[in-house]
Amino acid sequence: MIFLSVLASVQLMAQPIASSSQPTQYETGIQTWPATLQTRLDTLMKCELTERTQVGLMVYDLTADMPIFTYNHRQTMRPASTMKVVTAITALDKLGGNYQLTTSLYYSGDIGNRTLRGNLYCVGGMDPMFDINDLRDFVYQVKQMGIDTLRGAIVLDRSMKDTLRWGEGWCWDDDNPTLTPLLVGKSDNFVQRFVSELQRGGVYADQPLLFEDRLPLDAIPLAHCRHSIDQLLLRMLKDSDNLYAECLYYHLASSFGYRPARASYARALEKQLVNQLGLDSDCYKFADGSGLSLYNYVSPELLTRLLRYAWRNNEIYSHFMPALPVAGQDGTLKKRMGRTAADGNVRAKTGTLTGIISLAGYATAPNGHELCFAIINQGALGWREARAFQDKVCVTLCKE
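What you see as residue numbers is a count from 1 along each chain, following the sequence as written. Whole-chain, interface and lining totals are the exception, using all residues; otherwise, since this is a predicted model, local features are given only for residues with pLDDT of at least 70 and side-chain atom pairs are given and counted only at 80 or more. Hydrogens and water molecules were not included; the side-chain quantities draw on all heavy atoms of the structure.

Caption draft 1: Helix α4 (residues 132-144), seen in detail. Compared with an ideal rise of 1.5 Å per residue, which puts 13 residues at 18 Å, α4 spans 18 Å between its outermost C-alpha atoms and is within 8% of the ideal. What α4 keeps buried is the set Ile132, Asp134, Leu135, Phe138, Val139 and Val142. Contact criterion: two residues are considered in contact whenever any of their non-hydrogen atoms come within 4.5 Å of each other. What counts as a helix is a DSSP run of H or I of at least four residues, what counts as a strand is a run of E of at least two, and both are numbered from the N terminus. Those residues of α4 hidden inside the fold are in contact with β3 (100-112), β4 (115-123), α5 (190-200) and β8 (220-228). Here a polar contact is taken to be a pair of N or O atoms separated by no more than 3.5 Å, where protein atoms must pair a possible hydrogen donor with a possible acceptor and residues adjacent in sequence count only if both atoms sit in side chains. Capping the start of α4, Asp131 holds a side-chain oxygen 3.1 Å from the backbone nitrogen of Asn133, two or three residues further along. Gly146 sits one or two positions beyond α4 and adopts a positive phi of about 80 degrees. Expected span of a helix, by definition, is 1.5 Å for each gap between consecutive residues, and there is one gap fewer than residues. Three exposure classes are used, based on accessible area relative to the maximum for each residue type with a 1.4 Å probe and protein chains only: buried under 20%, partly exposed in between, and exposed over 50%.

Caption draft 2: The nonpolar core, seen in detail. Residue types Ala, Val, Leu, Ile, Met, Phe, Trp, Tyr and Cys, when buried and joined through side-chain atoms within 4.5 Å, form a set referred to as a nonpolar core. Grouped together as the largest cluster of nonpolar side chains are 64 residues, with contacts concentrated most on Ile89, Leu233, Met236, Phe286, Phe320 and Tyr362. The residues contacting Met236, other than those within four sequence positions of it, are Lys84, Thr87, Ala88, Asp241, Tyr244, Ala245, Leu248 and Lys349. Within the second largest apolar cluster, 30 residues are counted, among which are Leu37, Leu333, Phe373 and Val395.

Caption draft 3: Quick look at the packing of helix α3 (residues 83-95) against helix α9 (residues 300-311). Running from amino to carboxyl end, α3 crosses α9 at an angle of 35 degrees, the nearest separation of the two axes being 10 Å. Where α3 crosses over α9, the handedness of that crossing is left-handed. For the pair formed by α3 and α9, the contact residues are Val85, Val86, Ile89 and Asp93 on the first element and Leu303, Leu306, Leu307, Tyr309 and Ala310 on the second. The nonpolar class holds Ala, Val, Leu, Ile, Met, Phe, Trp, Tyr, Cys and Pro. Asp, Glu, Lys and Arg form the charged class, and all remaining residues, Gly among them, are polar. By residue class, the composition of the contact of α3 with α9 is 8 nonpolar, no polar and 1 charged. Each axis is a line fitted through C-alpha atoms, and for a helix only the stretch in contact is used; angles between axes span 0 to 180 degrees, taken between their N-to-C directions. Two helices crossing with the near one rotated counterclockwise from the far one by less than a right angle form a left-handed crossing, whereas a clockwise rotation gives a right-handed crossing.

Caption draft 4: The arrangement of the environment of Asp241 in detail. On the secondary structure map, Asp241 appears in the loop between α6 (229-238) and α7 (242-254). For Asp241, a relative accessible area of 8% gives the class buried. With 160 residues separating them along the chain, Asp241 and Ser81 place their C-alpha atoms 9.1 Å apart. Excluding anything up to four places from it in sequence, Asp241 contacts Lys84, Lys186, Arg235 and Met236. At 3.4 Å, the side chain of Asp241 and the side chain of Arg235 are in polar contact. Reaching out from Asp241, the side chain makes a polar contact with the backbone nitrogen of Tyr244 at a distance of 3.0 Å.

What follows is the structure in structure tokens.
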């Protein structure tokens, strides 16, 4: 049995949660700031949007280490792409910031007269960053071995993960990525592209045998393509790329050491971390890594606790924070909150599904305190209205 390593327990301070009806004040350097913020947020909550849709909000002062505003913060709702916050923090906690995704090429048999009388083995590492240039480098390495003819098979090792092509709870009519360990340019056409590039590179393979199998122990390494978790996080969080998130989810699952990896392994690790934070993981539902699933259910409190945990762990935060979109500047927040107090002061992950608009991340308050927050609007069919509401919340957190 594999156990998750136990890190230092992180518990929230034992004190009442501040709510929209019970403002809490403390020393900040700007004496009236907490009460003023709570009053402003209270006012924002009294709008038509909160009357006809479900809204959950939590704001936590990381510097003072205390919650300062909550509104339905424990209600479970669909997170949409803020589920990527759960995936990223859990993966960094388990895999570490130096983790790499690797796709490999091996061979077996004999090389003579520029002919490989044996097999080429393509070992999938579920790397969404593996592209045509990386594939051409594989071909180049074959050529460097003096091979221009293949008399054998091209063996595909996709044993890293199970054979499920979609995630649990994905809509059949959505734009879903295909989940497979062997990818080229995010597409599931590795075999065709590899054979084509071999021919293009001058390696003769006349109707090569193609079959699935695991890499034998005596296979000889020929080439490895590696990408860092930082490279993956940038695209996954800045651009909210679903395939990148699912690939990371299965790398998290594979850390159990079992092949093939299954999504249930990643869920088990998420639950362990949630329990470690002092919450009951049975109160939530985790289905996938991207938030595409309609079966995910989290709460603003859970997202905020995870953000706090990341902030207090530099090995996580130093990799997680730079990958978040910045309000008014880049990623999915580039066109939001520009030229406001939140511009450059809010870094947060967005989320959008039909009826769901969410936002979770960090903000800098006018007194210099660092905050984390999570907002989920459920049942919001007008996404512009919900986003405008969330932008107002973020601006309120940052302005004098």
